[in-house]
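Each chain, letter by letter, is given below.
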Amino acid sequence: MSLKVNLRHLEANEIHLTGDLPIEELALGLTDDMIQVQKPLHYDLQAEELADSVLVQGKLELTLDCECVRCLKSFEKTIELPNWALHLPLEGEEKTAVENDCIDLTPFVREDMLLEFPQHPLCRPDCAGLKKNKKIGRGNAETGPSTWKELDKLNL
């Protein structure tokens, strides 16, 4: 169930597309463990036929389940493209592929959403990171021997 526009429906007038695209259909191919997608992509689009092209405009929204790269807390981040637009030529060198009078919008949506993904997700812009644990550290004379002392002896 990919996101498709039927050109036959556009001949009479513009069409309105609203719904949720299952994440399996979007096929994001994520390899980053810090970002997961569990919820479907919500779309609210308007498609109209122009002279030798199709114009699609509207809103895309996707909720990400992220893990902060500094403090490792889990949080949700919503990616919203409120003024998403796509111009698809139907003739010429950059002609859009049409299959059975339908244009598949899924690859274009996937590409634009992936461009908006955070490279290093942060729960807050001012996240301080993990709290320092006093037990883990270089140690000092009062705490006794430490593996850090042995490493400090090395001249690298």
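What counts and how
Residues numbered from 1 in each chain as written. Predicted model: local features only at pLDDT ≥ 70, side-chain atom pairs only at ≥ 80, totals over all residues. Heavy atoms only, no water. Pairing = 2+ DSSP bridges. Helix = DSSP H or I, 4+ residues; strand = E, 2+ residues; numbered from the N terminus. Salt bridge = Lys/Arg side-chain N within 4 Å of Asp/Glu carboxyl O. Buried < 20%, exposed > 50% of the residue type's maximum accessible area, 1.4 Å probe, protein only. Core = buried A, V, L, I, M, F, W, Y, C linked by side-chain atoms within 4.5 Å. Contact = heavy atoms within 4.5 Å.

(A) Local environment of the pairing of strand β5 (residues 53-67). Alignment of strand β3 (residues 35-36) against β5, held across two bridges, turns out to be antiparallel. Counted as the bridge partner of I35 is C66 from β5. Counted along the chain from strand β4 (residues 41-50) to the antiparallel partner β5, the turn is two residues long, and its residue D52 has a positive phi close to 60 degrees. Two strands pair when backbone bridges link them, and β5 and strand β6 (residues 74-89) are joined in this way by 14 bridges, in the antiparallel orientation. Residue pairing across strands places C66 opposite F75, the latter belonging to β6. What sits between the antiparallel neighbours β5 and β6 is a turn of six residues, in which L72 has the positive phi angle 65 degrees.

(B) Spotlight on the pattern of salt bridges. Under the criterion given, the structure shown has six salt bridges. As a salt-bridge pair, R8 and D101 come within 2.9 Å of each other at their nearest N and O atoms. Taken together, the residues span a long stretch of sequence, with R8 in helix α1 (residues 7-10) and D101 in the loop between β6 and β7 (102-104) at a distance of 93 residues. In this structure, a network of salt bridges that share partners links the residues R8, E11 and D101.

(C) Broad picture of unusual backbone geometry. A positive phi is found at A27, a non-glycine position, where the angle reads about 45 degrees. With respect to the secondary-structure elements, A27 resides in the loop between α2 (23-26) and β3. Accessibility expressed as a relative area gives 45% for A27, which makes it partly exposed. Of note, the phi angle at N100 is positive, near 55 degrees, even though the residue is not glycine. With respect to the element layout, N100 can be found in the loop between β6 and β7. The exposure class of N100 is exposed, given its relative accessible area of 68%.

(D) Representation of the nonpolar core within the structure. One finds L41, L45, L60, L62 and L105 to be the most contacted residues of the largest nonpolar core, which totals 37 residues. Of all elements in the fold, only α1, β2 (15-21), α2, β4, β5, β6 and α3 (106-116) reach the threshold of two or more residues within this core. Setting aside anything within four residues of it in sequence, one finds L62 in contact with I23, L28, V37, K39, P40, L41, K77, T78, I79, M113 and F117.

(E) Up close: the pairing of β2. Side chains I15, L17, G19 and L21 project from β2 onto a buried face, and the interleaved H16, T18 and D20 project onto a face without burial. Summarising the sheet, β2 and β4 pair through seven bridges and their orientation is antiparallel. The residue bridging G19 from the neighbouring strand is Y43, located in β4.

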